[in-house]
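# Residue-level structural notes
The chain contents come next:
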Amino acid sequence: DGDVTALAGAMSLQDGCVMGLAMGTSEAVGYVNADSNLLGWFSELAFAPVDLNENAMRDEWSGDLGVGCKYFSQDAVSKLAPAAGIALSEKLKEVQKLAEQGLPYALEIFKSIGVYLAHTLFLYARFYDIRNLIVLGRVASGVGGERIVSECQRVLKEEYPALAQKLRVMLPDENFRRVGQSMAAASLPEV
């Protein structure tokens, strides 16, 4: 999912150095280089550490603490909902409905994810030449995604100005969200 997201982003932007990040049931990350080529090496970052706090969330599958799949997925919303005073069964859908209504405590959840993302991008940029970040996935839909991206951009500008100057963080348009990944996947050669 991550590689296809990055490839679709490069095709759409007609530019390279694209990281695609899909926030869904987990974190899916992919990267294409300056020539818009997949590198052929491991770029899936769901289990890369993004929080070194000893009390960070533990991933139940890997057993690792503070990994990206817990901060850039539906799990992030589930983790942050109780702190915002939201106790619901289908947390993501319910939180998104509350955010669409403009309720500050729901919007704070997506703001927190944006802060996590900005600090993590500084880490990712140490290993990848990222000029463009495409943010996709169920978590990034609607007003929540807009809040994630705007907060990420704010933190980058304030805390990592050199990175903020070279990195575009964006949500794709609705057409790209619907068919961009499919077009990119269809363009891959059979091996």
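Here we summarise the structure given alongside this text. Within any chain, residue numbers begin from 1 and follow the written order of that chain's sequence. Side-chain atom pairs in this predicted model are given and counted only at pLDDT of 80 or more, local residue features only at pLDDT of at least 70, and totals for whole chains, interfaces and linings cover all residues. To obtain the side-chain values, all non-hydrogen atoms of the structure were included, while hydrogens and water were left out.

## Regarding the packing of aromatic side chains
Centres within 6.5 Å are what make two rings of Phe, Tyr or Trp a pair, Trp counting through its six-membered ring; a difference in plane orientation under 30 degrees is then read as stacked, over 60 as edge-to-face, and the rest as tilted. For the structure on display, the rule yields 4 aromatic pairs. Between Tyr-31 and Tyr-128, the aromatic rings sit 5.0 Å apart at their centres with planes inclined by 55 degrees, giving tilted as the arrangement. Remark: Tyr-128 occurs in the loop between helix H4 (104-124) and strand S3 (132-136) and Tyr-31 occurs in strand S2 (residues 27-32); sequence separation between them is 97 residues. Overall, Tyr-128 belongs to the buried group, its relative accessible area being 7%. What counts as a helix is a DSSP run of H or I of at least four residues, what counts as a strand is a run of E of at least two, and both are numbered from the N terminus. Each residue's exposure class comes from its accessible area (1.4 Å probe, protein chains only) as a fraction of the maximum for that residue type: buried when under 20%, exposed when over 50%, partly exposed otherwise.

## Remarks on the packing of helix H2 (residues 74-83) against helix H3 (residues 91-100)
Axis angles are defined between N-to-C directions and span 0 to 180 degrees, where every axis is a line fitted to C-alpha atoms and, for a helix, only to the segment in contact. Close contact between H2 and H3 brings their axes to 9 Å; oriented N to C, the two are set at 65 degrees. The angle between H2 and H3 places the two elements in the roughly perpendicular class. Crossing angle aside, the handedness with which H2 passes H3 is left-handed. Listed contacts from H3 to Gln-74, Val-77, Ser-78, Ala-81 and Pro-82 of H2 are Lys-91, Leu-92 and Val-95. Broken down by class, the residue content of the contact of H2 with H3 amounts to 5 nonpolar, 2 polar and 1 charged. Put simply, angles under 35 degrees are roughly parallel, angles over 145 are roughly antiparallel, angles from 65 to 115 are roughly perpendicular, and the rest are oblique. By definition, turning the near helix anticlockwise from the far helix through less than a right angle yields a left-handed crossing, and turning it clockwise yields a right-handed one. The contact rule is simple, with two residues in contact once any of their heavy atoms fall within 4.5 Å. Residues are grouped as follows: Ala, Val, Leu, Ile, Met, Phe, Trp, Tyr, Cys and Pro are nonpolar; Asp, Glu, Lys and Arg are charged; every other residue, Gly included, is polar.

Taken by themselves, the reported measurements are silent on function.
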